[in-house]
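# Coordinate inspection notes
So you can see what is in the structure, the chains are spelled out below.
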Amino acid sequence: MTRTLLEAKSEVERRIAEACRRAGRQPEDVNVIAVTKYVSLSRTESVLRSGLLHIGENRWQDAKEKWEALGEKGLGIWHFIGHLQTNKVKEVVGRFHMLHSLDRMSLAKEVDKRASQLGVTLPCFVQVNVSGEDSKYGLPPEELFLFLEELQALRHIEAVGLMTMAPHEDDPERTRPVFRELRRLRDTANENGSCRKPLMHLSMGMSNDFEIAVEEGATWVRLGSVLVGKEE
Ligand SMILES: *Cc1c(COP(=O)(O)O)cnc(C)c1O
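A brief structural summary. (Residues numbered from 1 in each chain as written. Predicted model: local features only at pLDDT ≥ 70, side-chain atom pairs only at ≥ 80, totals over all residues. Heavy atoms only, no water.)

Bringing the site of the ligand into the picture now. Every residue near the ligand is listed here: Val-35, Lys-37, Tyr-38, Asn-58, Ile-81, Met-165, Met-206, Ser-207, Arg-222, Leu-223, Gly-224 and Ser-225. Between the ligand and Ser-207, the relevant distance is 2.5 Å, taken from an oxygen atom to a side-chain nitrogen or oxygen of the residue. Between a nitrogen atom of the ligand and a side-chain N or O atom of Arg-222, the distance comes to 2.9 Å. With the chains in place, 92% of the 390 Å² that the ligand exposes on its own is no longer accessible. When the residues that make up the shell around the ligand are grouped by side-chain class, the tally is six nonpolar, four polar and two charged. (Near = heavy atom within 4 Å. Polar contact = N/O pair within 3.5 Å; in protein donor to acceptor, adjacent residues only side chain to side chain. Areas by Shrake-Rupley, 256 points an atom, 1.4 Å probe, with all protein chains shown as cover. Nonpolar A, V, L, I, M, F, W, Y, C, P; charged D, E, K, R; others polar.)

Set out below in structure tokens:
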């Protein structure tokens, strides 16, 4: 494995630990997903050898080769983090361990149907478009609570938390209100009893803004360029 990957990993871990200290949180409560969408199979193998366990991919077409070489053999825990087209559900359910981008009922029904055929339950994050940018996927916040209640009927989906993507900001501090709002929505959903089980998780924070997300309560950060780097 390349030295730079180990260096990047320890640097990221140090930055997460410092953000936790600022927020009075425990670093063990923050899980890192290494986003390998920009890199090759061999770099993804190095990622797993470095001790990182969680792999994030955002398109099945790009993930296929890596999943078949690694995931199929039981290596890694696989997170589908990108927009999921309904016609790709059959590829993703049964292969990936978690879905971070559940954002519409038509998708939820397909996922539930496929998981039911396979006899599995898929842990899912509901993606919320907190910032309201047109370019972002995710449910509008005002539709979240009804969506979560409807989700309860789908027995092969387990809602575990909420996910969002903040707008890119040159000053990451400006992303804070987005992350804070996602946490507020999660807490409100739990107070309302919108889900079968309380939502424990927040999937938020990328290379540019993960320290702010950790300060605001992220339990999963999704890191590509800062951790795994980019190839091609
Ligand atoms: C690509 C991607 C990431 C990682 O992006 P970086 O900025 O490189 O860390 C995280 N989440 C999602 C949904 C992505 O598509």
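Having put the structure on the table, let's press on.
Burial runs high along strand β6 (residues 157-163): six of the seven residues are buried. The sheet contact formed by strand β5 (residues 122-127) and β6 spans six bridges and is parallel. Paired with Phe-125 across the strands is Gly-161, a residue of β6. The handedness of the β5 to β6 crossover, carried by helix α6 (residues 144-151), is right-handed. (Buried < 20%, exposed > 50% of the residue type's maximum accessible area, 1.4 Å probe, protein only. Helix = DSSP H or I, 4+ residues; strand = E, 2+ residues; numbered from the N terminus. Pairing = 2+ DSSP bridges. Right-handed = clockwise from strand over helix to strand, strands pointing away.)

Tallied over the entire structure, the rule returns 21 salt bridges. The shortest N-O distance in the salt bridge between Glu-68 and Lys-64 comes to 3.2 Å. Highlighted residues: Glu-68 and Lys-64, both in helix α3 (residues 60-69), separated by four residues, approximately one helical turn. Linking Arg-180 and Glu-216 is a salt bridge whose minimum nitrogen-to-oxygen distance equals 2.9 Å. Placement of the pair is Arg-180 in helix α7 (residues 176-192) and Glu-216 in the loop between α8 (210-215) and β8 (220-223), with a sequence separation of 36 residues. Accessibility expressed as a relative area gives 44% for Arg-180, which makes it partly exposed. Of the residues examined, Glu-216 reaches a relative accessible area of 3% and is grouped as buried. One salt-bridge network, held together by shared partners, links Arg-22, Glu-173, Arg-176, Arg-180, Arg-183, Glu-215 and Glu-216. (Salt bridge = Lys/Arg side-chain N within 4 Å of Asp/Glu carboxyl O.)

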